[in-house]
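What the coordinates show
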Amino acid sequence: MAGIRIFGVHRTWEDWVGILLGILIVLSPWFAGHEDNQTVMLNAGVIGVLVLALAAVELVELYRWEETGEIICGLWLIASPYIFGYAGAGVLQYWHFGLGAVVVLLAVMELWQDWKLNDNELARHGM
């Protein structure tokens, strides 16, 4: 029962994990050796910075739209290898699928935790 309670309340560690995920997304083309593809670099940079920024904003003030933005970013990252044509180009597709899936799962969990909170309870997050 204690395990369920841990995931029942939005904790700041979840926001720090989101920031770390954003950094990993930005660095993922270098990890996979795709730093020569400008489109892939730009996509990873923009999505990584967005995930990082949304998670950082959650540390300061909590709104439900932040999780929605993270879900969209995660789904975009999952679809990126197919949209930009690097699906068969090596491990970067697995990096982006895995990181995108973790971003989506984390954002869905946070959204579920925050769904029934009123505005006053959301405002107390991080205090």
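Please refer to the structure placed before this passage.
Residues numbered from 1 in each chain as written. Predicted model: local features only at pLDDT ≥ 70, side-chain atom pairs only at ≥ 80, totals over all residues. Heavy atoms only, no water.

**Some thoughts on the overall build of the protein**
- Looking only at helices and strands, the protein features six helices and zero strands.
- Mapped in sequence order, the helices and strands of the protein form the string α-α-α-α-α-α.
- Across the 127 residues of the protein, 42% fall into the buried class.
- Of the contacts formed within the protein by residues at least 6 apart in sequence, a portion of 67% connects residues at least 24 apart.
- For the protein, the computed accessible surface area is about 7200 Å², with 71% contributed by carbon and sulfur atoms. (Helix = DSSP H or I, 4+ residues; strand = E, 2+ residues; numbered from the N terminus. Buried < 20%, exposed > 50% of the residue type's maximum accessible area, 1.4 Å probe, protein only. Contact = heavy atoms within 4.5 Å. Areas by Shrake-Rupley, 256 points an atom, 1.4 Å probe, with all protein chains shown as cover.)

**Observations concerning the side chain of histidine 34**
- By the element assignment, histidine 34 lies in the loop between α2 (12-32) and α3 (38-60).
- Residues contacting histidine 34, with those up to four places away along its chain left out, are Pro29, Val40, Met41, Ala89 and Leu92.

**Focus on the nonpolar core**
- In terms of nonpolar packing, the biggest core is built from eleven residues, these being Leu21, Ile25, Ile47, Val51, Leu54, Cys73, Leu77, Leu99, Val103, Leu106 and Met109.
- Elements with a minimum of two residues in this core: α2, α3, α4 (64-83) and α5 (92-114).
- Of the residues forming this core, the biggest block, four residues, is contributed by α5. (Core = buried A, V, L, I, M, F, W, Y, C linked by side-chain atoms within 4.5 Å.)

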